[in-house]
Amino acid sequence: MNNKILRISIWVYLGLFFAYLLGPLVIMSATAFNSPGFPRATPWECLTFEWFGALFQDERILNGIWNSVLVGLGTVTLSVAMGLAGALMLTQISAKVRSVYYTIIIAPILIPGVVLGISTLVFWDRINRMLGLGADSFLSNGLFLTIIGQSTFIASYCMLVLVARLQRYDMVQTEAALDLGASHAQAFRKILLPFMRPAIASAGVLAFLASFENYNTTTFTFGEYPTLTIELAQKVRYGITPAISALAFIIVLLTVFGALANEANIKRKERIAEARKEGALPDVKGISLPGFLRGNPAAVLLVLLAIGTITVVGTATAYSPAQCIADVKETKRLEAEQRIQELRAKREADRAKQKAEQGEEAETQQSTPKPSNNSGFGNVFAPTTLSDDEEEGAEAPEPSNNSGFGNVFDPDALQEDDQSNSE
Amino acid sequence: MSAGVGVDLENLWIRFGDFVAVRDANVHIKGGDFFSFLGPSGCGKTTILRAVSGFLDPSEGKVLIGGNNMIGIGPNKRPTALIFQNLALFPLMKVWENITFSMEIRGASSAERRKRADELLDMIALPDQGDKFPSELSGGQRQRVAIARALCAEPDVLLLDEPLSALDLKLRQHMRTELREIQKRVGITFIYITHDQGEALTMSDDIAVMRAGVIDQIGDGKAIYNDPATAFAASFVGENNVFRGKIKQVNGGEALISTNRSGDLVARISSANQGKLNVGDDAMMFIRPEALAIAPDGASGDHFVTANVTHEEFEGNSYNIFSEGEGGKEIKVSIPNLGQSFENHTGQSITLEYETKNAVVVPAGELAAE
């Protein structure tokens, strides 16, 4: 009994936890497919893919993505190289110096990105001036500064990842290679690098992601190369559209896809290693798709996701939400009009009521009800109107009728409908 | 192959800061020999090996390989190949790639490498295992792959740094004979590092016994075992019973020692110490357990020892009697099991005898730690 409660509460907790983690992503993804101009998931109006279209027509966003990729690749190259050098250094120096060295190398992670951005800008500007170069020199190029600035701290992340792997490296391996006639460069390339490859890949991915999402350092250094984050931040100032949700959706999809692919790959390698241990030597290249799917939920999910994506893209090209959007627009317009009418009627009623009160006070003035009848349709519910009707008879029947239906059948409204249809 | 390439260490000193790892080593290793450095861990034998392979430069002295001074020549340029204590096979390469790594460095084609790997795999009795990874092999197989990898580099001198220490006893004994056979087949000089006197005695042509950076004795197995030069060599190689005392009388090749516990005993002066021991010197006398025998009760003289038996054990091939020795040490007697019946002596006093040629006297010195 107690156990059952415990189990249920664990599931509830897990549910809450994942809702907290993934909920925003799901909602945001939904907004990418909803037609309203402001990203929102409810009320659901029309399934649309126009925001993806809008995204790929947005020059600034595309340019931002391109710059981000350029900066990312540059940062990956520089950071992984510096990180590897730092990690190698860490394993070579004596234990006494090591802790000091480690602190220095790790410090950039602790320094706020803003400070790094400013200091990068100031430092390279100084260097630029010292060398007597102009404002358009390579050293003041936005791409260069951004890569350098981001690498100052991303290299530290890379080093942490690489050190973890390097600590498991047996330096005797290098000695063995040297002993067998390899030069130091050969030993590095043929023994150490292959050993480090998985960590280098991890560090590369980490560096790319860190670079891609960086804002606070980049904001000082981007110059004429605004990255995606910079462009997004500038856009948000003027209000966002679901095109940004569409971009986010694509990024989420790529990330999930990449993670699942990686997972499947690891599983596959494990299986191969296991098969080899059992004595069979399977051909590594000849792994068939069914084998790849067997007993691997991640791979199955991956395939489903791929099929889903293809379906979505397929429908996107075939499906046109124009009719739905037009319908929704019409409904909305009508709603808006109705609201306006109601508002107007209410205002009229208020005014009439005021006048009626004035009239009651005066008692002698006859002309009071007339203007109220002419102008208003919404004073049906005003108590004074009723009394007016009794007094004045059928003097103003039309307007009062109109007001009862909220102006739906107003000839003017019909005319407008015609116009919008013919457009 | 020819007679092989010799290795000479001349006045070799290796220091790490204030610590002297190797002190004035002079060794001549003949080409084609199986030469062992035997000593406890930390005695400097691995340091010597690293100096020969080129991983560290000596502070003083010379390393000659085939008569050429190797100082300043890096490990990748020396005609040596080293088998590391942990083997250091490359885990990401298959067995055949491991074996032919030295050929890859020289730029040999893949087909050539494959062919050579197959030859070597046949030689180490691991045919058709070339496509496995080292992690998929057993300890003994890995051992042989490491040897093949070293031999593939066609070195003049093969250096082995306690390569058998990670193996279990059975495999270790098997690999001893195998190593010896491989050495005879390829005919190159082997320099072997070990702390296991059994390995050194069974495999080597010559052995250097090392203690704290100093080479105590160089000789073949018999000389080291039967004719130790120092107290350390006597106590480190094989089991030995020690008797401390002072030289009372020197008589040609023999000496009379007045021992602390057993009166005057006669012993042979080891050949390295002939003429060096004088009356009144502190000395140590060593008798192997198998050289002692039970004497008739009441016998006495300069080759009899009396002792109280503390315990006995039956070891299968021998019957061991332990009695109180000197300074907390035991006197061990080992009687070969030839089918005779063994009496129980525990708690009794027995008299032991030995032949003079089986007792050896050396100047007093440091004993090997047990």
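It should be emphasised that the depicted structure is a prediction, and the values quoted were computed from it without experimental measurement.

A word on the overall build of chain A
For chain A, the count of helices and strands is 18 helices and 0 strands. Among the 423 residues that make up chain A, the fraction classed as buried is 25%. If you take every contact in chain A between residues at least 6 apart in sequence, the share linking residues at least 24 apart comes to 74%.

Regarding the overall build of chain B
When its secondary structure is counted, chain B shows 9 helices and 20 strands. Per-residue burial over chain B gives 40% buried out of 370 residues. The contacts in chain B between residues at least 6 apart in sequence include a share of 67% that link residues at least 24 apart.

Looking at the nonpolar core
Counting residues in each nonpolar core, the largest one holds 125 residues, and the members touching the most others are B:Leu159, B:Ile191, B:Met285 and B:Val361. B:Met285 has contacts with B:Phe243, B:Gly245, B:Ile257, B:Thr259, B:Leu265, B:Ala267, B:Ala359 and B:Val361, leaving out every residue within four places of it along the chain. Counting residues in hydrophobic clusters, the runner-up holds 11 residues, among them A:Ala32, A:Phe33, A:Phe52 and A:Phe249.

Side note on the sheet that holds strand β6 (residues 80-83) of chain B
All names here are of chain B. Strands sit in the order β6-β7-β8-β3-β9-β10 across an open sheet of 6 strands; the sheet is mixed. Of all the strands in the sheet, the pair left with one neighbour each is β6 and β10 (214-219). Pairs of neighbouring strands in the sheet enclose a mean axial angle of 20°, with direction left out of account. In this structure, strand β3 (residues 34-38) lies alongside strand β8 (residues 189-194), joined through 5 bridges in parallel fashion. By the bridge assignment, phenylalanine 37 is partnered in β8 with isoleucine 193.

Here we look at the interface of chain B and chain A
Much of the literature gives interface size as the accessible area that the parts lose upon coming together. At the interface, 18 residues of chain B touch 19 residues of chain A. Going through the elements one at a time, β6 and α3 (101-106) of chain B are the ones with two or more residues in the side of chain B that touches chain A. Broken down by element, the residue count for the side of chain B that touches chain A peaks at 4 residues, all from α3(B).

Some words on the sheet that holds strand β19 (residues 349-353) of chain B
Strands in a sheet are paired, the pairing made by backbone hydrogen bonds, and the direction either parallel or antiparallel. Overall, antiparallel pairing links the 5 strands, which are arranged β15-β19-β16-β17-β18 (chain B) in an open sheet. Looking at which strands have only one partner, the edges of the open sheet turn out to be β15 (293-294) and β18 (330-336) of chain B.

Quick notes on the environment of B:Ala88
Structurally, the position occupied by B:Ala88 is in the loop between β6 and α2 (95-99). Along the primary structure B:Ala88 and B:Ala146 are separated by 58 residues, whereas in three dimensions their C-alpha atoms are 7.9 Å apart. When neighbours within four sequence positions are excluded, B:Ala88 is seen to be in contact with A:Asp170, A:Val172, A:Gln173 and A:Ala176.

Comments concerning the pairing of strand β20 (residues 359-363) of chain B
Residues and elements named next belong to chain B. β20 sits mainly inside the fold: 4 of its 5 residues count as buried. In this structure, strand β13 (residues 263-269) lies alongside β20, joined through 2 bridges in parallel fashion. Residue pairing for β20: isoleucine 269 is matched across the bridge by valine 361.

Regarding the confidence of the model for chain B
This prediction gives chain B a mean pLDDT of 87; 98% of its residues lie at or above 70. Scoring of the predicted complex yields 0.69 for pTM and 0.79 for ipTM.

Some points on the packing of helix α3 (residues 59-92) of chain A against helix α6 (residues 142-166) of chain A
Residues and elements named next belong to chain A. At their nearest, the axes of α3 and α6 sit 6 Å apart, and the two run at 45° to each other. For the element pair α3 / α6, the angle class is oblique. Remark: the crossing between α3 and α6 carries right-handed chirality. Considered class by class, the residues forming the contact of α3 with α6 number 18 nonpolar, 9 polar and no charged.

Brief notes about unusual backbone geometry
Residue and element names in this part refer to chain B. For aspartate 24, which is not a glycine, the phi torsion comes out positive at approximately 50°. Of note, aspartate 24 is situated in strand β2 (residues 19-29). A count of 15 C-beta atoms within 10 Å places aspartate 24 in the partly exposed class. Residue alanine 212 is not a glycine yet carries a positive backbone phi of 45°. Locating alanine 212 in the fold gives a position in the loop between β9 (206-211) and β10.

Thoughts on the packing of helix α4 (residues 110-123) of chain B against helix α5 (residues 139-152) of chain B
Residues and elements named next belong to chain B. With their axes 10 Å apart at the nearest point, α4 and α5 run at an angle of 130° to one another. Taken together, α4 and α5 sit at an angle that is classed as oblique. Note that α4 runs across α5; the crossing there is right-handed. The residues of α5 that touch α4, namely those facing Arg116, Leu120, Leu121 and Met123, are Ala148, Leu151 and Cys152. Taken together, the residues that form the contact of α4 with α5 break down as 6 nonpolar, no polar and 1 charged.

A look at the confidence of the model for chain A
Averaged over every residue, the pLDDT of chain A is 79; residues scoring 70 or more account for 78%. Here residues 413-423 of chain A is modelled with pLDDT under 50, and outside its nearest four sequence neighbours on either side it reaches 3 contacts, counting other chains as well.

What to know about helix α5 (residues 113-130) of chain A
All names here are of chain A. Across its 18 residues, α5 extends 25 Å between first and last C-alpha, which sits within 8% of the 26 Å expected from 1.5 Å per residue. On its buried face, α5 is in contact with α4 (95-110), α6 and α9 (218-221). Once α5 finishes, glycine 132 follows within two positions and takes phi at roughly 70°, a positive value.

Conventions adopted
Residues numbered from 1 in each chain as written. Chains lettered and ligands numbered in written order. Predicted model: local features only at pLDDT ≥ 70, side-chain atom pairs only at ≥ 80, totals over all residues. Helix = DSSP H or I, 4+ residues; strand = E, 2+ residues; numbered from the N terminus. Buried ≥ 20, exposed ≤ 12 C-beta atoms within 10 Å, placed from the backbone. Contact = placed C-beta atoms within 7 Å. Core = buried A, V, L, I, M, F, W, Y, C linked by C-beta atoms within 7 Å. Pairing = 2+ DSSP bridges. Axes fitted to C-alpha atoms, helices over the stretch in contact; angles between N-to-C directions. pLDDT = per-residue confidence, 0-100. Parallel < 35°, antiparallel > 145°, perpendicular 65-115°, else oblique. Left-handed = near helix turned anticlockwise from the far one by under 90°. Nonpolar A, V, L, I, M, F, W, Y, C, P; charged D, E, K, R; others polar. Expected span 1.5 Å × (residues − 1).

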